[in-house]
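# Working through the structure, step by step
Take a look at the letters that make up each chain.
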Amino acid sequence: MAVVAQAIRVHGCRCPWTAALQVDTLDIPQSTQPAAVRLTSEKGDDGAPLERLIIDWDCAVPLHGGEHVQRSEYSLEWLRAHSYSAADRATRLQARPQPVLWTQMAGQPSAEWLPRVDMAAVSSDPGLRAAMSALRDYGAVIINGMPTSVVETQGVCERIGHLQRTFYADGMWDTAPKAAEDINDTAYSNMELKPHTDCTYLSKAPGLQFFNCVAQSSSGGMTWIVDGFSVAAAMKASHPRTFQFFCNVPMTFYAKEDDVHVQATAYVFETDYEGHITGFRFNNDDRAAMSSLTEGQVAAFYEEHLPVLLEMSRSPEVAEELQLQVGDMLILDNNRHDPPAIVQCRLR
Ligand SMILES: [Fe+2]
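Nothing here was measured: the structure is a model prediction, and the numbers come from that model.

## Some points on the overall build of the protein
When helices and strands are tallied, the protein shows 10 helices and 14 strands. For the C-alpha atoms alone, the extent of the protein along its principal axes is close to 75 × 55 × 45 Å. For the protein, the residues scored as buried account for 22% of the 348 residues in total.

## Focus: unusual backbone geometry
Located in the positive-phi region is alanine 19, a residue other than glycine, with phi close to 70°. Overall, the presence of 9 C-beta atoms within 10 Å leaves alanine 19 in the exposed class. Phi is positive for cysteine 199, which is not a glycine, with a value near 55°. Tracing the backbone shows cysteine 199 in the loop between helix H7 (150–160) and strand E6 (208–212).

## Some remarks on the packing of helix H8 (residues 228–238) against helix H9 (residues 240–248)
Running from N to C, H8 and H9 point in directions that differ by 125°, and their axes come no closer than 5 Å. The orientation of H8 with respect to H9, classified from their angle, is oblique. On H9, the residues that touch Ala232, Met235 and Lys236 of H8 are Pro240, Thr242 and Phe243. Here the contact of H8 with H9 is composed, by residue class, of 4 nonpolar, 1 polar and 1 charged.

## Details of the packing of H8 against helix H10 (residues 295–313)
Packing of H8 against H10 brings their axes to within 10 Å, and their N-to-C directions diverge by 130°. The pairing of H8 with H10 is recorded here as oblique in orientation. Our pair here, H8 against H10, has a crossing hand that is right-handed. Along the contact surface, H8 presents Val231, Ala234 and Met235, while H10 presents Val308, Met312 and Ser313. Taken together, the residues of the contact of H8 with H10 sort by class into 5 nonpolar, 1 polar and no charged.

## Considering the sheet that holds E6
Strand order in this open sheet of 4 strands is E4-E5-E13-E6, and the pairing throughout is mixed. With one partner strand each, in any of the chains shown, strand E4 (116–118) and E6 form the two edges of the open sheet. Between one strand and the next, the sheet's axes are offset by a mean angle of 20°, whatever the strand orientation. Alignment of E4 against strand E5 (residues 140–144), held across 3 bridges, turns out to be parallel.

## Comments concerning the nonpolar core
Nonpolar side chains in soluble globular proteins tend to end up buried together. With 41 residues, the main nonpolar core has Ala140, Val141, Ile143, Ala232, Phe269, Met329 and Ile331 as its most contacted residues. Counting residues per element, the ones that place at least two in this core are helix H6 (125–138), E5, strand E7 (223–227), H8, H9, strand E8 (251–256), strand E11 (277–280) and strand E13 (329–333). Apart from the residues within four sequence positions on either side, valine 141 is in contact with Pro115, Val117, Ala131, Ala134, Leu135 and Ile331.

## What about the environment of glycine 207?
Within the fold, glycine 207 resides in the loop between H7 and E6. Distance in space between the C-alpha atoms of glycine 207 and isoleucine 54 is 41 Å, their sequence separation being 153 residues.

## A look at the sheet that holds strand E2 (residues 49–62)
The 3 strands are arranged E1-E2-E3 in an open sheet whose pairing can be described as antiparallel. In this open sheet, the two edge strands, each paired with only one partner strand, are strand E1 (34–43) and strand E3 (68–75). Averaged over neighbouring strand pairs, the angle between their axes works out to 25° when direction is ignored. In terms of strand pairing, E2 meets E3 through 7 bridges, oriented antiparallel.

## Things to note about the domain arrangement of the protein
With domains assigned, the protein is organised as domain 1 (2–95) and domain 2 (102–347). Here domain 1 and domain 2 have C-alpha centroids that lie 41 Å from each other.

## A short note on the pairing of E11
Examined bridge by bridge, strand E10 (residues 269–271) and E11 share 3 bridges and lie antiparallel to one another. Paired with phenylalanine 269 across the bridge in E11 is phenylalanine 280. Connecting the antiparallel pair E10 and E11 is a turn made up of 5 residues, with glycine 275 showing a positive phi of about 85°.

## Some points on the confidence of the model for the protein
Confidence in the prediction of the protein, expressed as mean pLDDT, is 88, and 91% of residues score 70 or more. Confidence, expressed as mean pLDDT per element, reaches its minimum in the protein at strand E14 (residues 343–347) with 40 and its maximum at H9 with 98. For the stretch residues 336–348, pLDDT sits under 50, and the model shows 59 contacts to residues farther than four places along the chain or on other chains.

## Looking at H10
A rise of 1.5 Å per residue sets the reference length of H10, with its 19 residues, at 27 Å; its end C-alpha atoms lie 25 Å apart and thus fit the reference within 8%. A maximum bend of about 50° is found in H10 at phenylalanine 301. If you check which residues of H10 are buried, you get Phe301, His305, Leu309 and Ser313.

Thresholds, definitions, all that
- Residues numbered from 1 in each chain as written.
- Predicted model: local features only at pLDDT ≥ 70, side-chain atom pairs only at ≥ 80, totals over all residues.
- Helix = DSSP H or I, 4+ residues; strand = E, 2+ residues; numbered from the N terminus.
- Buried ≥ 20, exposed ≤ 12 C-beta atoms within 10 Å, placed from the backbone.
- Axes fitted to C-alpha atoms, helices over the stretch in contact; angles between N-to-C directions.
- Parallel < 35°, antiparallel > 145°, perpendicular 65-115°, else oblique.
- Contact = placed C-beta atoms within 7 Å.
- Nonpolar A, V, L, I, M, F, W, Y, C, P; charged D, E, K, R; others polar.
- Left-handed = near helix turned anticlockwise from the far one by under 90°.
- Pairing = 2+ DSSP bridges.
- Core = buried A, V, L, I, M, F, W, Y, C linked by C-beta atoms within 7 Å.
- Domains from an automatic or database assignment.
- pLDDT = per-residue confidence, 0-100.
- Expected span 1.5 Å × (residues − 1).
- Bend = angle between axes of the 7 residues up to and from the residue.

Structure follows, in structure tokens:
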């Protein structure tokens, strides 16, 4: 009980502007106890009742600024939202958005369920919220009616988030085919690429990838998308040893150009504290030598686990094929961590 009181008290010492903790936890005795507790109720700005719990503690503690405080105030809403009880934790976990696995849509054309939102709607807060909710749940969303210029496309992307600077560009670049002598990545070639996530070799791989279709070929031009979370769920059920291997044995990916050599080591499957899949990172063409693994792990990787991963990620059951039209921008969750949903893509 004393530790729980300390855990609550520390959150009563937050800066009202930055929400940062303003107390050194070591300055709060683990034995601290409430000396007096009372409940207040008043009307908030929106007219709704605002209930607060005010606790006078048994001792004062110093804040970073030197002031000593002995009183904490909490909204009941905050206390309920952070209750440590098993029942409340279970309720919160059940209320979390769950990813829609694409295998759940088996037999239904993606045109019927892959979320689409008009660009005009994204300019409003409700429209943006709808688009982002769909992206969270399905791992992909198509924005219709996009402009084709880089500047206008960037404006829509920045409506959603900050652009990540990489060695490719400050944020925006095109993947139009290049002359053979200028190719520095297979994305610029006409070679077929197998399903993969992008930038596996960056320690912070992009969370979202935006693909704005500004020209469509007269033939072909299909986009093949694989739901990595469907792969993970199916593998966990049918090949649990392989699933655990990729959860626990990190892979190293790398990329090399004239003046750039980057690599990152990460797990193929990331899971949360409940064991739910939260991230997927893999590109078989960007794997580095597996020098950090033991001889036994390398043997298991090649003899057992890699074939399972490659075959399952190329299964039509986890894939969707669609044709983007000019004005369609596909947003893919490249390696989202929370809440879970992930797709791999190949544009061709
Ligand atoms: Fe890619």
